[in-house]
Amino acid sequence: MMKIQVRYFASLREALGAQETVELPAGSTLGALRDVLLERGGRHAEVLAPQRPVRCALNQVMVAETTVIEDGAEVAFFPPVTGG
Amino acid sequence: MPRVSIQTADFDLSAEVAALRDGDAGVGAVASFIGTVRDRSDGAGVSAMELEHYPGMTENAIEAMIDAAMQRFDIRAARVVHRVGPLLPQDQIVLVAVASAHRGQAFQACEFLMDYLKTQAPFWKKETTADGARWVDARVADDAALRRWGIDKANA
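Residues numbered from 1 in each chain as written. Chains lettered and ligands numbered in written order. Predicted model: local features only at pLDDT ≥ 70, side-chain atom pairs only at ≥ 80, totals over all residues.

Asks: For this particular structure, what's the right way to read the pairing of strand S5 (residues 48–53) of chain B?
Replies: Consecutive residues of a regular strand have side chains that alternate between opposite faces of the sheet. Residue and element names in this part refer to chain B. Inspection of the sheet shows S5 paired to strand S9 (residues 123–129) by 6 bridges, in the antiparallel sense. Bridge pairing links Ala48 to Thr128 in S9. Examined bridge by bridge, S5 and strand S7 (residues 85–87) share 3 bridges and lie antiparallel to one another. In the sheet register, Glu50 faces S7, and the bridge partner there is Pro86. (Pairing = 2+ DSSP bridges. Helix = DSSP H or I, 4+ residues; strand = E, 2+ residues; numbered from the N terminus.)

Asks: How should the nonpolar core be read in this particular structure?
Replies: In terms of nonpolar packing, the biggest core is built from 58 residues, with B:Ala78, B:Val98, B:Ala109 and B:Leu113 touching the most fellow members. Setting aside residues no more than four positions away along its own chain, B:Ala109 makes contact with B:Ala69, B:Phe73, B:Ile75, B:Ala78 and B:Val98. (Core = buried A, V, L, I, M, F, W, Y, C linked by C-beta atoms within 7 Å. Buried ≥ 20, exposed ≤ 12 C-beta atoms within 10 Å, placed from the backbone. Contact = placed C-beta atoms within 7 Å.)

Asks: I'm lost on the interface of chain B and chain A in this one. Help?
Replies: Often, the extent of an interface is quoted as the loss of accessible area upon association of its parts. Residue-level contacts link 23 residues of chain B with 14 residues of chain A. Looking at the side of chain B that touches chain A, the elements with two or more residues in it are helix H2 (57–72), helix H3 (103–120) and S9 of chain B. For the side of chain B that touches chain A, the leading source of residues is H3(B), giving 5 residues. Partitioning the side of chain B that touches chain A into residue classes produces 13 nonpolar, 7 polar and 3 charged. (Nonpolar A, V, L, I, M, F, W, Y, C, P; charged D, E, K, R; others polar.)

Asks: Can you help me understand the sheet that holds S9(B) in this one?
Replies: Backbone hydrogen bonds are what pair the strands of a sheet, in a parallel or an antiparallel way. Residue and element names in this part refer to chain B. Taken in spatial order, the 4 strands line up as S7-S5-S9-S10 in an open sheet, and their pairing is antiparallel. Whereas interior strands pair on both sides, the edge strands pair on one side only; in this sheet they are S7 and strand S10 (132–135). The mean inter-strand angle of the sheet, taken between neighbouring strand axes irrespective of direction, is 25 degrees. (Axes fitted to C-alpha atoms, helices over the stretch in contact; angles between N-to-C directions.)

Asks: Just to check I follow, could you spell out the packing of H2(B) against H3(B) for this structure?
Replies: Packed helices, taken two at a time, are described by their axes: the angle between them and the distance between them. All names here are of chain B. One can describe the packing of H2 onto H3 by two numbers: an axis separation of 10 Å at closest approach and a directional angle of 150 degrees. Classed by the angle they form, the pair H2 and H3 counts as roughly antiparallel. Handedness of the crossing formed by H2 with H3: right-handed. The residues of H3 that touch H2, namely those facing Ala61, Ile62, Met65, Ile66, Ala69 and Arg72, are Ala109, Phe112, Leu113, Tyr116, Leu117 and Gln120. Class assignment for the residues of the contact of H2 with H3 results in 10 nonpolar, 1 polar and 1 charged. (Parallel < 35°, antiparallel > 145°, perpendicular 65-115°, else oblique. Left-handed = near helix turned anticlockwise from the far one by under 90°.)

Right under this line is the structure:
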């Protein structure tokens, strides 16, 4: 197992808090992490639902959900960006 | 001068452009863009806006965009300032300024950087209307704007 720090921003932060630590099997992808969080039900299931547009970053770089997470990584989930 | 600043404070276009081209007599053109807070959005009146970002990632993402612009266009310098925190209608939000030898590359690089920033830099806008506060939805048109540059990275 590995420990992953998960951060949330914008509407996801309001629903889930700014961050939490999650234990995951080694070799898990960001998509697998999202599934683990979804299975908790409640607000996690609501805001991370598959039909919701959620973007993710690994170590502060935007990546696809197929990307594998390494131990100690910083992962973030957030809605589509709206700056500028 | 840093190429990227994320700040709550306002910025001064004249001072930023002066610093951008300071000491470089090869500059013959400066193009700039400023985004400001509108008082209407999707048919509703907007009385205030709050901008959130991802400290560290936001700066690095924009640095990488400027690297891409420097590779793609014949430009000499670029600068991005983006405000975060509480803002009001008419406030300045973002500045992109690009210096080059001739105008064409400066215009193009400025638009490229704005198109890139709109869909790939981690910022989120929350606007206050008469019905309360709401997060702004990303626009498909902004993804299309980035695709014009041959970059297919969907956001909305």
